[in-house]
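# Structural overview
The chain contents come next:
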Amino acid sequence: MDTLRESKAEAQSPFPAARLRRLRRTPALRRLVRETDVSAAHFIYPLFAVPGRRLRREIPSLPGCYHLSPDALAQEAAEVAALGIPAVLLFGLPESKDEVGSGAYAAQGIVQRAVRAIKKAVPDLLVITDICLCEYTSHGHCGVVVDGEVDNDQTLPLLAQTALSHAEAGADIVAPSDMMDGRVAALRAALDERGFAATPIMSYAAKYASAFFGPFREAAGSAPQFGDRRGYQMDPANAREALREVAQDLAEGADMVMVKPALPYLDIIARVRAACDHPLAAYNVSGEYAMLKAAAAKGWLDERLATLEALTAIKRAGADMIITYHAKEAARWLKE
Ligand code: PBG
Ligand code: ZN
């Protein structure tokens, strides 16, 4: 490996024979040698389902994104598909919450109804559902709380039940985001047993306890009512541990893995890319979106250029797919 690297470096002739600017001179030359392509074909757009009818309310912490009732979601889904975006990632805000997050796995739950509405209106649009309890529990944690702590093993059957009810409603892919140990295996077993062996699992494998989830928690009403998520989400200081999380989820049967957040964790994306050949998603999270929007609103950044540069960086680091609130606007910009 080292000798290859050395010989590669030696193979480059010195200046003035080598002039790296030669291939940067014109847009056509730059396009020809471009290493990374960003395209709407690999975007996943997050959507927030709320109960009601004909409801479309802008989310204050996520300008340009909306709380949508199932009927309005069907319309939004058509717009997303028309932009060439292949998939949405669905979250739900239930009518009521309880200790065990019953709304997450209710047959008539908000996500279940939203999935049916979207699949009926736009059958070819892939619907990925987020599997977690935090939007549905009164305490706002991602699992069942026992003696003040999130209990891993008691949470697993509830997550499996949630995934199953989403698959029954027509979800194309399920995406567990809870960070309980063993959840991928629990989901896989439950899905296989009930006739959903063909439903893929996209696992939030390396999900960090990040301050950049702030705007999302406001949008989803899922902030923990006590403590924080550091007992189950990863420590931002750890990189090697991300590889263990990925290996574990793949061993349990994950079809795709995810790194989240994206921009402050590009090194993690690159390391996971080098460590496995599975499809890799990166979640360009709410705080990353909000920062850019806020700076653009102040006139401090060119929004279009900064957004496309950020998305390019995520792909260049090694992500195959990008989950991003920018998906619709970026798809439009890329068409121009
Ligand atoms: C639920 C979940 C969260 C996000 C996706 N799924 C929040 C959290 O873990 O607190 C964050 C998404 C974003 O910030 O855009 N577990
Ligand atoms: Zn959660």
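Everything discussed here concerns the structure shown above.
All residue numbers refer to positions counted from 1 along the written sequence of the respective chain. Whichever chain is written first becomes A and whichever ligand is written first becomes 1, with later ones labelled in order. Given that the model is predicted, a residue must reach a pLDDT of at least 70 before its local features are reported, and side-chain atom pairs must reach 80 or more before they are shown or counted; all residues, however, enter totals for whole chains, interfaces and linings. Water and hydrogen atoms were dropped before computing side-chain values, which therefore reflect all heavy atoms in the structure.

The zinc ion (ligand 2) binds to the protein through Cys-132 (SG), Cys-134 (SG) and Cys-142 (SG), with metal-donor distances spanning 2.2 to 2.3 Å. In primary-sequence terms, the residues that donate to the zinc ion (ligand 2) follow C-x1-C-x7-C. Just as Cys-134 is buried, Cys-142 falls in that class too. Counted as donors are the N, O and S atoms within 2.8 Å of the metal, or 3.2 Å for Na, K and Ca, while water is not among the atoms, so some sites may look incomplete. Here the term buried applies to any residue with accessible area under 20% of the maximum for its type, exposed to any over 50%, and partly exposed to those in between, with areas from a 1.4 Å probe on protein chains only.

The next point concerns a nonpolar patch on the surface. Taken together, the side chains of Leu-23, Leu-32 and Val-33 present a nonpolar region at the surface, about 300 Å² in accessible area. Strands here are runs of E lasting at least two residues and helices are runs of H or I lasting at least four, both read from the DSSP assignment and numbered beginning at the N terminus. Relative to the helices and strands, Val-33 resides in the loop between helix H2 (27–32) and strand E1 (43–49). Val-33 sits in the partly exposed class, given a relative accessible area of 40%. Patches here: salt-bridge-free residues with over 30% relative accessible area, like charges joined within 9 Å, nonpolar side chains (Val, Leu, Ile, Met, Phe, Trp, Tyr) joined within 5 Å. The accessible surface values rely on the Shrake-Rupley method and a 1.4 Å probe; as for residues, cover is taken only from the protein chains in view. Here, a salt bridge means any side-chain nitrogen of Lys or Arg that lies within 4 Å of a carboxyl oxygen of Asp or Glu.

What follows concerns the site of ligand 1. Taken together, 19 residues surround ligand 1, and among them Lys-207, Arg-217, Lys-260, Ser-286 and Tyr-325 come closest. Pairs of N or O atoms within 3.5 Å make up the polar contacts considered here, provided that, within protein, one atom can donate a hydrogen while the other can accept it, and that residues adjacent in sequence are counted only when both atoms are side-chain atoms. Separating an oxygen atom of ligand 1 from a side-chain N or O atom of Arg-217 is a distance of 2.6 Å. Contact between ligand 1 and Arg-229: an oxygen atom at 2.9 Å from a side-chain N or O atom of the residue. For this scheme, ten residues count as nonpolar: Ala, Val, Leu, Ile, Met, Phe, Trp, Tyr, Cys and Pro. Four count as charged, namely Asp, Glu, Lys and Arg, and the remainder, Gly too, count as polar. Here the residues of the shell around ligand 1 sort into 10 nonpolar, 3 polar and 6 charged. Each residue is tested against the molecule or strand, and it is near if at least one of its non-hydrogen atoms lies within 4 Å.

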